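# Survey of secondary and tertiary structure
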Amino acid sequence: MQVSGLCESLLQRCDLESRINNTTHHTDQNGIDRLIVRRGLPFTITLHLRSGSQFEAGVSTFRLIVEIGPLPKEQSGTKSTFSLTDSALKTAWSVSTNSPPGNVVSLSVSSPPDVPIGLYSLTLDQGQKVKLGEFVLLFNPWCAKDAVYMEEERDRQEYVLSQAGLIYKGTTKRIKASPWTFGQFEPGMLDICLKLLDENPKYSSDADADCSGRRNPVYVTRVISAMINSNDDKGVLVGNWSGDYDDGVRPSHWTDSVAILHQWADNCCQRVRYGQCWVFAAVACTVSRALGIPCRVVTNFGSAHDTNSNLLIEFLYDEDGNDISDDSVWNFHVWVDNWMARPDLDAGYDGWQASDPTPQEKSEGVFCCGPVPLKAIKEGELNLKYDAPFVFAEVNADVVEYVKLTNGRMVKMGGSSIDVGHFISTKAVGSDERHDITHLYKHPEGSLQEREVFERAKHHHELQQKGEEPGLKVKIKVSPDMDIGADFDVFAVVTNNTEADKTCRVMFYARIVSYDGKPGANCGFIEDLTMEVPTGKEKRLPLRLEYVDYGDTITSDRLIQLVLIVIESSPREFHKAKRTIVLENPDIAIKLLGEPRVNQKLSAQISLQNPLPEPLQNCFFSVIGASLTDGKLLIQNVGTVGPKQEAKYTVEFTPTSTGSRTLTVDFDSDKLSNIKGYLNIEIKE
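Residues numbered from 1 in each chain as written. Predicted model: local features only at pLDDT ≥ 70, side-chain atom pairs only at ≥ 80, totals over all residues. Heavy atoms only, no water.

## Quick look at the nonpolar core
What tends to happen in soluble globular proteins is that the nonpolar side chains get buried as a cluster. Rules: By convention a nonpolar core is built from buried Ala, Val, Leu, Ile, Met, Phe, Trp, Tyr and Cys residues, the set being connected through side-chain atoms within 4.5 Å. Only protein chains enter the accessibility calculation, which uses a 1.4 Å probe; a residue is then buried when its area is under 20% of its type maximum, exposed when over 50%, and partly exposed in between. Any two residues whose heavy atoms approach within 4.5 Å at even a single point are treated as in contact.
Judged by nonpolar contacts, the single largest core of 62 residues is most densely connected at Trp180, Ile228, Leu237, Ile260, Trp278 and Leu291. Residues within four places of Trp278 in sequence aside, it is in contact with Ile167, Lys169, Trp180, Pro251, Ser252, Phe332, Val334, Tyr515 and Asp557. Of all hydrophobic cores here, the second largest spans 56 residues; its members include Ala492, Cys523, Leu583 and Leu608.

Below, the structure written as structure tokens:
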């Protein structure tokens, strides 16, 4: 029987073809039990009519309705109603079919490449409306018309589909890679990321306008930046740099985003304690990739925090060498780059955009930062959206140092235009190598171009000081082997390049410091030593750092700051050198026991030698890996480990999919923590 309609009584069922569509749309890692597609690319659904009913193109008529949000509207683009057409449209929702007459109708549904992303309902309308189901629509880096399009497949594999990565920490002298599991395709992650968008204050004030704004990756990236921290909304993480984490989780303990996002979602969006910059950035990367925005985690070594927006880091010290300034330079700071077009700006600013979810300064009244084009930062175009001056200062601020004398007079002690913004790092595409991207953020340090850019920024507030340049050169040298638990020497080096002998007062001290530059307890000190330095000569002064002095107070960052102050007696000139060292952790050894095959149990032997001259108490190994540990963090208490003894753990897990996977291991104890290791595993059929 031929019918001219598809009323509910004639429709037996609708198949959203999740398996085929999800594979075609590169979303099958989310699973195939529901429809998840990317905008700008057609997807197929199949209508099964009841026995005796028949569909015939050109005769049967119907409309489809897609809606997103609680109050969808045609004018805002959150609702669209469209009828059967001969072929797909590029600028509007459309549906077409090539099915012959019969009771099975295959429909090709196409979305424009600039519609809002999120959870949609799909309805069949022929006077009587029948809900066919729901689907999730994501950004599409594979679609040339989408604002997040990336040309190279290897880039899409790295910045959208990869669930594991490396985050760089330490100092410019010792850059260390730490593994992180982003896990954007682990069970529940996509729903949590969509929930994060719905919990932002803009959704609460105007849900339809917020859902409409989700067509724009610039808008979505700003929402993510604001919602990863919890300073002024129901965001995910609480920042804590105090060193006291008794009522939460120490930031260095986290190794994956999955546990953090699950804890937030499972506890009614109660903020998770605690995070620091690399945790904020890693979770932002997970959410961005889950929604289809290409993203990478970036570390800037020697990262300035300019509190008064004058592009200068002004360090002020009293005569005893105490830091009394407001500005700071962090040993490292971590944020993210997102890839997108910028049609809101002049031509030439598409591509990587910096965004920083760590709560530092407010942007348009909210604790968020970016996105701002890397090209704008490099060329000093600080009038471009968003937050260009703050990011520019992070990588290119000048440093000026002063001593405030007891009589109130300010004496310039030094300064530098090359101390900020070094070894800006991210994981390389397709490998575990460090990729230096400093050249994308700034011209070569000290070059004429770099100086011209700084001047062109129009924010340079140079403090003029009279007086001759210092006649002495001071610096700090260190020993080659500085392992946690060891005793070692560091050296103050004073070179007299003047024509006269010099008598100097020397203060050389070491203190524990956290990665954000906050000082801790002293662990070595040479005070008020008089040094005679003949003209043309160099003098070295050793300072012995012993585990007995630093062991009880060093943080999980394992950073010690060395400060050298040299005061010439005549004329009275101040010189200062500062260096931060990172003590080496022991390595975690990971050895596979058996051949890695999908759906077959696999064991790995994990070990670590205690380098300390004292026992480690409450030793734990934590293990996780996307598609390896079933989304769970495996924890093993190995008790007490004596000096130079090994902590051992044999972990069992079952890989659930083929391909390259990463097993991430964390070791934690009372005196030694924040130790990471990882092993890349190729899973075969």
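## What about unusual backbone geometry?
Rules: By definition, any uninterrupted DSSP run of H or I lasting at least four residues is a helix, any uninterrupted run of E lasting at least two residues is a strand, and each is numbered from the N terminus.
Looking along the chain, the bond that leaves Arg273 and enters Tyr274 is cis, with omega of 5°. Looking at where Tyr274 falls in the secondary structure, it is placed in strand β13 (residues 272-275). That bond from Lys385 to Tyr386 is cis: its omega, -10°, falls within 30 degrees of zero. Among the secondary structure elements, Tyr386 is positioned in the loop between α9 (374-379) and α10 (388-396). The phi dihedral of Glu17 is positive, around 50°, even though this residue is not glycine. The residue Glu17 is located in the loop between β1 (11-15) and α1 (18-24) in this model. Despite not being glycine, Phe423 shows a phi value in the positive range, around 45°.

## Remarks on the UniProt feature "active site" (unreviewed entry) in the chain
Stated formally: UniProt positions are given in the numbering used here, feature names are shortened, and annotations may be inferred rather than shown by experiment.
Per the UniProt annotation, the sites labelled "active site" (unreviewed entry) are Cys277, His333 and Asp356. In summary, the annotated positions, though distributed over 80 residues, converge in three dimensions, the widest C-alpha pair being only 9.7 Å. Structurally, His333 is set in strand β16 (residues 328-340). With sequence-adjacent residues up to four places away left out, His333 is seen in contact with Cys277, Val298, Thr299, Asn300, Ser303, Asp356, Thr358, Gln360 and Glu394.

## Points about the environment of Lys202
Inspection of the secondary structure assignment puts Lys202 in helix α4 (residues 201-205). Owing to a relative accessible area of 43%, Lys202 belongs among the partly exposed residues under this scheme. Along the backbone, Lys202 and Val223 are 21 residues apart, and their C-alpha atoms lie at a distance of 8.7 Å. Apart from the residues within four sequence positions on either side, Lys202 is in contact with Ala207, Asp210 and Tyr219.

## Brief notes about the packing of helix α3 (residues 189-198) against helix α8 (residues 277-291)
Stated precisely, the cut-off is as follows: Comment: axis = line fitted to C-alpha atoms, over the contacting stretch for helices; angle = value between 0 and 180 degrees taken between N-to-C directions. Here is the rule for angles: anything less than 35 degrees is roughly parallel, anything more than 145 is roughly antiparallel, 65 through 115 is roughly perpendicular, and the remaining ranges are oblique. Polar here means any residue other than Ala, Val, Leu, Ile, Met, Phe, Trp, Tyr, Cys and Pro, which are nonpolar, and Asp, Glu, Lys and Arg, which are charged; Gly is therefore polar.
Relative orientation of the contacting elements α3 and α8 amounts to 100°, with a least axis distance of 10 Å. Relative to α8, α3 is oriented roughly perpendicular. Facing Leu190, Cys193, Leu194, Leu196 and Leu197 of α3, the residues of α8 in contact are Val287, Ala290 and Leu291. Split by residue class, the contact of α3 with α8 holds 8 nonpolar, no polar and no charged.

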